[in-house]
Each structure stands twice: as C-alpha cells, then as structure tokens.
Amino acid sequence: MFSTSWYLRGLAALSLCVLTLPVAAQSFRVQCPQTTTLHPNGSTPDEANHPGVVKCQHIAGGDGFATMADGTQTYLFGFGSLSGIDQIKNGLPGTQTAVNFNKPYTSLTDPGATDTATLATDGAVVDTAAIMNLGVLSANEPAPLMAIDEDDEFFLTLSNVGQIMRPDLFEQHTVHFHGYPNASSYFDGVPDASAAINIAGSFTYYYTAPDAGTYFWHCHITPPEHLQMGMVGQL
C-alpha cells in the first residue's frame, strides 16, 4: 500500500540533496578562443582565405560618477573596461586580438606594469575579486569604444559587477548592438529574445563583421533609464 509518510520523507531527502549541490553559476568566465573554424590562424590574418582575425574584449556593467563641466559629480550607470585598458587610456579602442587578450593581466601583481591584457587566460574562470577590484565604480561615459574589421570574429564578455553605490538595486544588464546585423538573435541583447545578465554573472556575445560602418551599442534593460544614465558607446 502507498504510504504518504514515506513519500513525504523521500521528498525531504531529495530536497536536501538538491540544496547541497554546488552552485556553479556564480563564477565569471571569459571566452576568447585562440582559433576558430572560420579563422584557424587565430590572430594571424590569412589574406588568401580569411583576412579577418579573432578579437575579444571584456567589459564590466556597474556604476560610477561623471564629473560635470562645473566640477560637480553625477552618479551614473555605465560600462567599464576590463581589458585593453592602456589602449583606451591612449584614445584607442579596447578591442584586442585573441593572442593579446589571453595574456595574463600583469598589473594585478605589479602596480607599475602596463595594462595590456585581460584578467584570465583562454576559457579560464576569472578570479571574482580581480573583476570586482577593477570593475566596481569604473563606469565610463561614453562606454568603452569597440572596433573590428570586416571578416573578424568578435567575442565580447560582459560581467555584471553590480551597483555598489546603490545596494538596494539589482539591475540586470545586456549589450545591444543597435542596428547591427547580429549573428543570432540570442546575441542581440534584447531580453525578450536573448539573455539578461544578473549581478555576479557574465555572458559572452559573439559577432561577425559582415558590413563596414559606424554603429552604437547600449544596454537594453529599461533602455530609457540605462541609456540616459550612461550605458551607451560607439562601435
């Protein structure tokens, strides 16, 4: 005969098993393959077949302050740079070839070193503290500049570091290339058809570069608010 008490005990045991499973989603992961099927030479152009290369960039979604012309500071939401920082400081795009992107981030151990690379090697789980130390309150307006050439493959990782000045907020973020021919709607950044990135999560977008041109990109979570507060940049 079926016993309700044993059934309930079984459910309780199953619940305990589920609750004790490790939480693997709460880790930042950066994807930047050295080579791909389209670009087996990776960062070296193959002029005869595929002149493009594999390029990557890593950004943080968080908050910061903008200094106005009169010196006052205004709170903003924004994207910050987690790769190619020296390039951006010199007015260049932060987009890098895979071979440069995947170099160890030397400045984490040597304050005098040049910031030329990213926070982790290819496909590695990134140290959360390193991302938080560099990404918190690092928002810029406009957002970091991105630049790719026709035939390139572009891997863009967004890590949501949260709004440290507004701990009452739990804002999600995305990246939307406005008016851009996306490789798939999954990478479009519109939450209805894509994915929204929670705090302490990351997502790697994949793009190809079929058409030359100038575009802009922005966060597509409550766009009027997030765009107005600074989450927009040039492509």
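Residues numbered from 1 in each chain as written. Predicted model: local features only at pLDDT ≥ 70, side-chain atom pairs only at ≥ 80, totals over all residues. Heavy atoms only, no water.

**Looking at the overall build of the protein chain**
Then step 1. A count of helical and extended segments in the protein chain gives 5 helices and 10 strands.
Then step 2. Of all 235 residues assigned to the protein chain, the portion counted as buried reaches 42%.
Then step 3. The contacts in the protein chain between residues at least 6 apart in sequence include a share of 67% that link residues at least 24 apart.
Then step 4. Of the roughly 12100 Å² of accessible surface on the protein chain, a fraction of 58% belongs to carbon and sulfur atoms. (Helix = DSSP H or I, 4+ residues; strand = E, 2+ residues; numbered from the N terminus. Buried < 20%, exposed > 50% of the residue type's maximum accessible area, 1.4 Å probe, protein only. Contact = heavy atoms within 4.5 Å. Areas by Shrake-Rupley, 256 points an atom, 1.4 Å probe, with all protein chains shown as cover.)

**Things to note about the environment of Gly-78**
Then step 1. In this structure, Gly-78 sits in strand β3 (residues 73-81).
Then step 2. Expressed as a C-alpha distance, the spacing of Gly-78 and Met-229, which sit 151 residues apart in the sequence, is 7.1 Å.
Then step 3. Residues within four places of Gly-78 in sequence aside, it is in contact with Ala-60, Gly-61, Gly-62, Asp-63, Ala-139, Asn-140, Gly-230 and Met-231.

**What about the state of the cysteines?**
Then step 1. Across all of its chains, the model carries 1 disulfide by this definition.
Then step 2. Here Cys-32 pairs with Cys-56 through a disulfide, and the sulfurs are 2.0 Å apart. Since a negative S-S torsion denotes a left-handed disulfide, the Cys-32-Cys-56 link at about 90° is right-handed. In this pair, Cys-32 sits in the loop between β1 (28-29) and β2 (54-67) while Cys-56 sits in strand β2, placing the two residues 24 residues apart along the sequence. (Disulfide = S-S within 2.5 Å.)

**With respect to the pattern of salt bridges**
Then step 1. In this structure the tally under the stated criterion is 3 salt bridges.
Then step 2. Between Lys-55 and Asp-149 there is a salt bridge, with the nearest N and O atoms lying 3.0 Å from each other. One end of the pair, Lys-55, is in strand β2; the other, Asp-149, is in the loop between α4 (128-135) and β6 (153-160), with 94 residues separating them in the sequence.
Then step 3. In this structure, Asp-152 and Lys-55 form a salt bridge, with 2.9 Å as the shortest nitrogen-oxygen distance. In this pair, Asp-152 is assigned in the loop between α4 and β6 and Lys-55 in strand β2, connecting sequence segments 97 residues apart. Across this residue pair, the class does not change: Asp-152 and Lys-55 are buried.
Then step 4. Ionic contacts of the salt-bridge type, sharing partners, join the residues Lys-55, Asp-149 and Asp-152 into one network. (Salt bridge = Lys/Arg side-chain N within 4 Å of Asp/Glu carboxyl O.)

**What about the nonpolar core?**
Then step 1. With 34 residues, the main nonpolar core has Phe-79, Leu-156, Val-175, Phe-177, Tyr-205 and Trp-217 as its most contacted residues.
Then step 2. Those elements giving two or more residues to this core turn out to be β2, β3, α3 (98-101), β6 and β8 (202-208).
Then step 3. The next biggest cluster of nonpolar side chains, apart from the first, holds 6 residues, and it includes Leu-82, Ile-131, Val-136 and Val-161. (Core = buried A, V, L, I, M, F, W, Y, C linked by side-chain atoms within 4.5 Å.)

**With respect to the side chain of Lys-55**
Then step 1. Under the relative-accessibility criterion, Lys-55 is labelled buried at 11%.
Then step 2. Separated by 2.9 Å, the side chains of Lys-55 and Asp-152 make a polar contact.
Then step 3. Other than its neighbours up to four places away in sequence, Lys-55 contacts Thr-95, Gln-96, Thr-97, Ala-98, Ala-147, Ile-148, Asp-149, Asp-152, Glu-153, Phe-154 and Phe-155. (Polar contact = N/O pair within 3.5 Å; in protein donor to acceptor, adjacent residues only side chain to side chain.)

**Here's the deal with α4**
Then step 1. Taken residue by residue, α4 has Ala-130, Ile-131 and Gly-135 as its buried positions. Here the buried residues of α4 occupy an arc of 110° about the axis, which is enough to place them on one side.
Then step 2. One or two steps after α4, the chain reaches Leu-137, where phi turns positive at roughly 60°. (Arc of directions from axis to C-beta.)

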